[in-house]
Amino acid sequence: MLLTLRVHGSRLRLSLSRQQQLRLASSVAESKKVTTAGVGQLEINGGTYATDSWTNVTPKILSYLGLNKHLQRDHPLSIIRQRIVNYFYGAYRNQRGNPLFSVYEQLNPVVTVQQNFDNLLIPPDHVSRQKSDCYYINQQHLLRAHTTAHQVELISGGLDNFLVVGEVYRRDEIDSTHFPVFHQADAVRLLTKDKLFERNPGLELFEETWSGAIADPKLILPSSKCMDQTKQPCHTLEAVKLMEHEMKHVLVGLTKELFGPRIKYRWVDTYFPFTQPSWELEIYFKDNWLEVLGCGIMRHEILQKAGVHQSIGYAFGVGLERLAMILFDIPDIRLFWSNDSGFLAQFSEQDLQNLPKFKPISHYPQCTNDLSFWLPPDVEVDAGFSPNDFYDLVRSVAGDVVEQISLVDKFKHPKTGKSSVCFRIVYRHMERTLTQAEVNEMHKQIGDASVESFNVQIR
Ligand code: DAH
C-alpha cells in the first residue's frame with residue numbers, strides 16, 4: 001500500500017475525451033456533496049473546480065466523499081483509529097498530564113498537487129503522480145493519495161505533534177485487499193535541540209559545517225542522492241540516532257498495543273521522498289511478513305518550507321484497513337463499506353481492547369464472465385489503453401458487486417495489427433446471491449459502456 005512501492009513500470013493510459021469528461025461531470029451531480037456548478041465545472045465540498053484534460057474522478061469515486069467510515073460509531077475502522085489515537089495520547093503527555101498530540105480527522109480530501117507531491121519533495125517525474133494512479137479533479141487538484149499531504153500546512157500553522165486520519169484515493173487493481181478508497185493515519189513529531197538533548201545540552205541538531213540556508217529549490221538533492229540510510233547531510237548523527245530510537249520505540253509500542261506483546265516484527269530499510277533515513281515496519285502474521293507502516297526522519301527541506309528551522313522531526317504513515325483486516329480477521333476490503341447490520345453489529349467501541357474475530361455472514365457464489373474486445377487501430381495495452389481506465393468504468397457501471405478483474409489475455413493480430421484484450425470479471429454480491437441473468441445484464445452494460453468510452457469493438 002505504500003506510495004513508493006507501487007512502481008508498476010510504464011503505464012500508458014487512454015484519457016477521457018472532452019465530451020466524456022463533460023458527461024461525467026454532469027452525472028457527478030447525483031452525489032450529495034458534489035454538484036455541477038456549470039458546464040466543465042465540478043463543485044466538491046464547497047469548492048468549484050474547472051475540469052480539464054486531467055479530470056478523471058468518476059461520480060462513483062466522488063460518492064465516497066464525506067462517508068467518514070473512520071468516524072462511524074462501532075465501525076472497525078473507527079475502532080482502529082481510536083486505538084491509535086489513544087495510544088499516542090498515552091505515550092506523549094505534557095507537564096500537566098494532557099495529551100501532546102492534536103488529532104485532525106476531517107480535513108478536506110481535495111488537495112493541490114503542491115500539497116500531495118511538491119511540498120513532500122516527490123520528484124516531478126515520480127510514478128505516483130501519474131494520471132493512471134491518482135484521481136485528479138483537474139491538473140492542479142486531486143483527491144489526496146495519502147494523508148501525508150497535510151504535513152506542510154499543519155506544520156506551517158505552528159503544530160509540532162499531530163495525527164491526521166482520513167480516507168485516501170488511489171487508482172489501483174481490484175482484489176480482496178485493494179479498494180480505490182481506503183484510510184490512513186499519519187503522524188509528525190518535531191523536537192527542538194533543547195527537548196531532544198535535555199540531558200546532553202552540549203549536543204547539536206545540525207552539523208557545524210552546514211550553512212543552514214533556506215533550501216534553494218535548485219539545491220534540493222535529487223531523490224537518487226537521498227538513499228543514504230545513515231542521515232541527511234544537515235543533521236548530526238547523534239540527533240538522528242536519538243530520534244530514530246524514540247520513533248522506533250513508540251512505533252513498536254503501538255504495534256504491540258495493537259497486536260499483542262508477543263508479535264514478531266522487523267525493521268526494513270526503505271526509501272520515501274519525504275524522509276531520510278526511512279524504514280518500514282513488518283510483522284509476522286499467518287506465515288508471512290506484512291508491512292504495516294512506513295516512517296522516517298523528515299527531510300529538513302520540508303520543515304524549511306513550513307518555516308521551521310530549528311527542529312528535527314519524525315513522521316510515519318499507516319493504512320487502517322490493513323490493520324483492521326489483520327486484527328478482526330476481515331477477509332475482504334469491500335466489507336468496510338457494507339451497511340449490512342450482520343457485519344456492523346459484530347463490532348463495538350464499548351471495549352476497545354477486546355476485539356472480536358469477524359464471522360463471515362455467509363458465502364454467496366461468484367459468477368465469472370469474460371469480456372474481450374478489439375482496441376481501436378494503433379492502440380495497445382500500455383500504449384494508449386490503461387487497464388485502470390477500464391477498471392474505473394467497470395466500477396462506475398457495476399459498483400462493488402465486482403470482486404475482481406484480471407487481464408487474462410492480450411493478443412495482436414498478425415495481419416491487421418489490431419490488438420485484442422480479454423478481461424475476466426468476477427461478480428459476487430456481499431449480501432445475497434446474484435442470478436446469472438442479472439450478472440449477464442451488468443456484463444452487457446459494461447461492454448456497451450466500453451464501446452462508447454474507449455471506441456472498442458466487442459469480440
Ligand atoms: N505516505 C506514505 C504512503 O502512503 C506512508 C508514509 C511513509 C507516511 C513515511 C509518512 C512517512 O509520514 O514518514 O505510502
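Residues numbered from 1 in each chain as written. Predicted model: local features only at pLDDT ≥ 70, side-chain atom pairs only at ≥ 80, totals over all residues. Heavy atoms only, no water.

### Re the sheet that holds strand β4 (residues 102–104)
What the 7 strands build is an open sheet, ordered β4-β7-β8-β12-β11-β10-β9; its pairing is mixed. Pairing within the sheet leaves two strands with one partner each, and these edge strands are β4 and β9 (265–272). Each adjacent strand pair in this sheet contributes to an overall mean axis angle of 20°, direction not counted. Of the pairings in the sheet, the one linking β4 to strand β7 (residues 161–169) comprises 3 bridges and is parallel in character. From the neighbouring strand, V103 faces β7, where its bridge partner is L163. Helix α3 (residues 76–91) contacts β4, β7, β8 (181–192) and β12 (311–319) of the sheet and is inclined by roughly 165° relative to β7. (Pairing = 2+ DSSP bridges. Helix = DSSP H or I, 4+ residues; strand = E, 2+ residues; numbered from the N terminus. Axes fitted to C-alpha atoms, helices over the stretch in contact; angles between N-to-C directions. Contact = heavy atoms within 4.5 Å.)

### Points about α3
In a regular helix each residue adds 1.5 Å, so 16 residues correspond to 22 Å; α3 covers 23 Å between its end C-alpha atoms and thus fits that length. The element α3 is largely enclosed, with a buried count of 12 among its 16 residues. Those residues of α3 not exposed but buried are P76, L77, S78, I79, I80, R81, Q82, R83, I84, V85, Y87 and F88. (Expected span 1.5 Å × (residues − 1). Buried < 20%, exposed > 50% of the residue type's maximum accessible area, 1.4 Å probe, protein only.)

### Observations regarding the nonpolar core
I84, F88, L143, F316 and I330 are the most contacted members of the largest nonpolar core, which has 72 residues in total. Element by element, the count of residues in this core is highest for helix α7 (residues 237–259), at 9 residues. Setting aside residues up to four positions removed in sequence, I84 forms contacts with L163, A185, L254, V318, L320 and L323. In terms of nonpolar packing, the next biggest core, distinct from the first, is built from 27 residues, L371, V381, F385 and F423 among them. (Core = buried A, V, L, I, M, F, W, Y, C linked by side-chain atoms within 4.5 Å.)

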